[in-house]
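# Fold and contact review
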Amino acid sequence: MTPSPVLDFKFAALPADPSAHRSGNPAASALARTLKPVRNPRLRGLQCLRCDALYPVTLTHDGCPACKRAGFHVALRASYLPDLGNETERAEGHDAIPMPYASGFTLGEGQTPMLEMTELARHFDVARLGLKDESSNPTGSHKDRMTAVGVAQALDFGAHTLVLASSGNAAVSAAHYAWAAGLRCEVATYEGMPATYSRQLDALGARRYVFADNAGRWAFVRERSQYPGYFALTNYRLPALGSAPLAIEGYKTIAPECVADAGLPDHIVIPTARGDLAWGIYAGFRDLLAAGRIPRLPRLWLVEPFPRLARVFAGGAINGSYPGHTAQFSTAGATVTYLQWQAATATGGGAVVVNDDEARAARRLLTAAGVSAELCAAGGLAALRQLRETGAIAADAHVVLMLTANASSDPSWPDPAV
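Remember, it's a predicted structure, so these values are computed and weren't measured experimentally. Positions within a chain are numbered from 1, following the residues in the order the chain's sequence is written. Selection of residues for local features in this predicted model requires a pLDDT of at least 70, selection of side-chain atom pairs for listing and counting requires 80 or more, and totals for whole chains, interfaces and linings are taken over all residues. Water and hydrogen atoms were dropped before computing side-chain values, which therefore reflect all heavy atoms in the structure.

## Observations regarding unusual backbone geometry
Most of the time, phi is negative for any residue but glycine, and the peptide bond is trans. Just so we agree on the cut-off: Only DSSP runs of H or I with at least four residues qualify as helices, and only runs of E with at least two residues qualify as strands; both kinds are numbered from the N terminus onward. Throughout this description, buried means an accessible area under 20% of the type-specific maximum (1.4 Å probe, protein chains only), exposed means over 50%, and partly exposed covers the range between.
In the segment running from Leu-238 into Pro-239, the intervening peptide bond is cis, with an omega of 0°. Turning to its location among the elements, Pro-239 is positioned in the loop between strand E11 (230–232) and helix H9 (245–248). With phi around 55°, Gln-111 is a residue other than glycine that occupies positive phi space. Tracing the sequence through the fold places Gln-111 in the loop between strand E5 (101–103) and strand E6 (114–116). Among the residues examined, Gln-111 registers a relative accessible area of 65% and is labelled exposed. Despite not being glycine, Asp-125 has its phi angle at roughly 60°, a positive value. Mapping Asp-125 onto the fold places it in the loop between helix H4 (118–123) and strand E7 (128–133). According to the relative accessible area criterion, Asp-125 is partly exposed, its value standing at 43%.

Below you can see the structure in the form of structure tokens.
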């Protein structure tokens, strides 16, 4: 494994020809030329979330053409052949969670702690409350799980550059993993990207392109994705589809970790922008249920800083635009995807709107309990309060909150004094 560089290290300018020198990390470039991820032989293609039409795996992710012709903008998911193992292996649960690559690329992501929050469980009157601490991943957020699989796909398909739209955790994750794998990285960001993120991208040799809005960022990523060797890690379509389908599979591993560490939860509360994380968690539990490893799905509650998915559940169009303003930087944006709608509806969950003041109040409780949380992650605790008050979560429930990242890189931290 190649370590990431210290953040004050500066690379020389990258050559214009990506094939001449894959990154500013010569050792990683040599590694990338020899490393070939082992694709899961059960991976048979990409399947529509809505109509189940099957398509080949490619570097582009433009959704289901058949559904688009019918007026629906629907993402694709990885589709696997049935388990070819013997009965003993199936009984012991081997390969219950199929993944695109049997051997891929990793910097040590996953196996993050489950923090039991006994005092907060009493405060909110639930039987058990756990925090799945994704800030323990290599670059400090849940995005590393997705990036690792995305890098494996890039190496598998011979790509030389990761390209994505992000002004936060996904950008930092992609820059680190690309550097370690010997790939280039191009990031379409907003104007005024927080310095804590931009410094890391500069140190890792990632190239930043600044745009005023999502339309500009996604247009850039879409244009880049049409050229050979460029792999778009994140969404670039409007109406939004979500991130690269194989990469989203990286989030499925959260499900068996939750079960192994603390048993099957009744509810999982997830900060949500376009639903990549929520759908990946749903897919992981869906696979466990299909394999007979769990008796039911937990209910997934998707937390948003202003009504988007909530407006869809109230009768709005999934493909509509629902703008709003928020300090919850990681879950901002005006779009809803079929991914997040499916994750909520298939599990009997829903959407919970938590405004910035509610999220800040929740963060004060977490800080007092010794937990650092980015504002949108703290919003999950405020969502729990709402769900208890409405009776959607009962007093005897086991609840898990996704702590997507800590406050160290949150541009809204520290909170204003009360």
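Moving on from the coordinates now.
## As for the sheet that holds strand E3 (residues 54–55)
In plain terms, the rule: Pairing between two strands requires that DSSP report at least two bridges joining them.
Here we have three strands laid out as an open sheet, ordered E3-E2-E4, and antiparallel in their pairing. Here the strands that pair on one side only, and so sit at the sheet edges, are E3 and strand E4 (76–80). Bridge count for strand E2 (residues 43–48) against E3 is two bridges, and the pairing is antiparallel. Bridge pairing in E3 links Gln-47 to Leu-54.

## Some remarks on the pattern of salt bridges
The line we're drawing: Salt-bridge detection follows one rule: a side-chain nitrogen of Lys or Arg within 4 Å of a carboxyl oxygen of Asp or Glu.
On inspection of all chains with the given rule, the structure shows 23 salt bridges. Glu-186 is the salt-bridge partner of Arg-184, the closest N and O atoms lying 4.0 Å from each other. Arg-184 gets classed as buried once you look at its relative accessible area, which sits at 4%. For Glu-186, a relative accessible area of 2% puts it in the buried group. The salt bridge partner of Glu-304 is Arg-308, with a shortest N-O separation of 3.8 Å. With a relative accessible area of 2%, Glu-304 lands in the buried category. Beyond isolated ion pairs, a larger network of salt bridges with shared partners links Lys-132, Glu-134, Arg-145, Glu-257 and Asp-261.

## What about the environment of Gln-226?
The cut-off we apply is this: In the analysis that follows, any N or O atom pair within 3.5 Å is treated as a polar contact, provided that within protein one partner can donate a hydrogen and the other can accept it, and provided that, for residues neighboring in sequence, both atoms belong to side chains.
Tracing the sequence through the fold places Gln-226 in the loop between helix H8 (214–225) and E11. Taking the C-alpha atoms as reference, Gln-226 lies 9.5 Å from Leu-59; in sequence the two are 167 residues apart. In terms of polar contacts, Gln-226 uses its side chain to reach the backbone carbonyl oxygen of Arg-222, at 3.1 Å.

## Focus on the packing of helix H5 (residues 143–156) against helix H6 (residues 169–181)
What counts is decided by this rule: Helix axes are fitted to C-alpha atoms over the stretch in contact, other axes to C-alpha atoms as well, and angles between N-to-C directions run from 0 to 180 degrees. By definition in this entry, angles of less than 35 degrees are roughly parallel, angles greater than 145 are roughly antiparallel, angles of 65 to 115 are roughly perpendicular, and the rest are oblique. Two helices crossing with the near one rotated counterclockwise from the far one by less than a right angle form a left-handed crossing, whereas a clockwise rotation gives a right-handed crossing. Whether two residues are in contact is decided by their heavy atoms: any pair within 4.5 Å suffices. Under the grouping applied here, Gly and all other residues not named as nonpolar or charged are polar, the nonpolar ones being Ala, Val, Leu, Ile, Met, Phe, Trp, Tyr, Cys and Pro and the charged ones Asp, Glu, Lys and Arg.
Orientation of H5 relative to H6, taken along the N-to-C sense of each, is 40°, at an axis distance of 9 Å. Classified by the interaxial angle, the pair formed by H5 and H6 is oblique. The two elements H5 and H6 meet at a crossing, and its hand is right-handed. Contacts from Lys-143, Asp-144, Thr-147, Ala-148, Val-151 and Leu-155 of H5 reach H6 at Asn-169, Ala-170, Ser-173, Ala-174, Tyr-177 and Ala-181. Tallied by class, the residues present in the contact of H5 with H6 amount to seven nonpolar, three polar and two charged.

## Here we look at the packing of aromatic side chains
Which entries qualify depends on this criterion: Stacked, edge-to-face and tilted labels apply to pairs of Phe, Tyr and Trp rings (six-membered ring for Trp) whose centres lie within 6.5 Å, assigned for plane angles under 30 degrees, over 60, and everything in between, in that order. A positively charged side chain is recorded as over a ring if its NZ (Lys) or CZ (Arg) lies within 6 Å of the ring centre. The angle to the ring normal must also be within 35 degrees.
A full pass over the atoms with the stated rule returns six aromatic pairs. Relative to Trp-341, the ring of Tyr-338 has its centre 5.2 Å away and its plane inclined at 45°; by these criteria the two rings are tilted. Separated by three residues within a single helix, Tyr-338 and Trp-341 lie in helix H13 (residues 338–346), roughly one turn from each other. Taking relative accessible area as the criterion, Tyr-338 reaches 13% and is therefore assigned buried. Overall, Trp-341 belongs to the partly exposed group, its relative accessible area being 27%. Members of the aromatic cluster, connected to one another through ring pairs, are Tyr-209, Phe-211 and Phe-220. The lysine or arginine in question, Arg-217, covers the ring of Tyr-190, its NZ or CZ lying 4.0 Å from the ring centre. Taking the ring centre of Tyr-282 as reference, the NZ or CZ of Arg-286 above it sits at 5.9 Å.

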